[in-house]
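# Architecture and fold: a report
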Amino acid sequence: MARIFKGNKAALPSKRCAACGHPMSWRKKWRNHWDAVQYCSERCRRQKDMAQ
């Protein structure tokens with residue numbers, strides 16, 4: 001059975017990806033280190049390493 005979100009997603013914090021600028025919304029798995037999250041995906045994180 002699928003979980004039903006019973007909140008307001010617009011109220012969740014968000015920020016832009018440091019590599020591509022894509023907007024990211026807060027995720028439960030990031031709750032303990034939201035301030036350290038910089039990239040929207042593993043692909044963007046790897047691109048950052050290649051650009052340097």
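Residues numbered from 1 in each chain as written. Predicted model: local features only at pLDDT ≥ 70, side-chain atom pairs only at ≥ 80, totals over all residues. Heavy atoms only, no water.

### A few points about the overall build of the protein chain
- Tallying secondary structure elements over the protein chain gives one helix and two strands in all.
- Ordered by position from N to C terminus, the α and β elements of the protein chain give β-β-α.
- Looking at the 52 residues of the protein chain, the share that counts as buried comes to 15%.
- When contacts within the protein chain are restricted to residue pairs at least 6 apart in sequence, long-range pairs at least 24 apart make up 10% of them.
- Accessible surface, the protein chain: about 4800 Å² in total, of which carbon and sulfur atoms supply 50%. (Helix = DSSP H or I, 4+ residues; strand = E, 2+ residues; numbered from the N terminus. Buried < 20%, exposed > 50% of the residue type's maximum accessible area, 1.4 Å probe, protein only. Contact = heavy atoms within 4.5 Å. Areas by Shrake-Rupley, 256 points an atom, 1.4 Å probe, with all protein chains shown as cover.)

### Let's talk about the nonpolar core
- Cys 17, Met 24, Trp 30, Trp 34, Val 37, Tyr 39, Cys 40 and Cys 44 form the largest nonpolar core, which has eight residues in total.
- Beyond its immediate sequence surroundings of up to four residues, Cys 44 is in contact with Cys 17, Ala 19, Cys 20 and Tyr 39. (Core = buried A, V, L, I, M, F, W, Y, C linked by side-chain atoms within 4.5 Å.)

### Some remarks on the confidence of the model for the protein chain
- The pLDDT averaged across the protein chain works out to 84; a share of 81% of its residues lies at or above 70.
- Across the protein chain, the element-wise mean pLDDT spans from 79 in helix H1 (residues 42-51) up to 94 in strand S1 (residues 14-16). (pLDDT = per-residue confidence, 0-100.)

### Overview of the pattern of salt bridges
- This model, assessed by the stated rule, comprises one salt bridge.
- Across the salt bridge formed by Glu 42 and Arg 45, the nearest N and O atoms sit 2.2 Å from each other. One end of the pair is Glu 42 and the other is Arg 45, both in helix H1 and three residues apart, which spans about a single turn.
- The exposure class of Arg 45 is partly exposed, given its relative accessible area of 34%. (Salt bridge = Lys/Arg side-chain N within 4 Å of Asp/Glu carboxyl O.)

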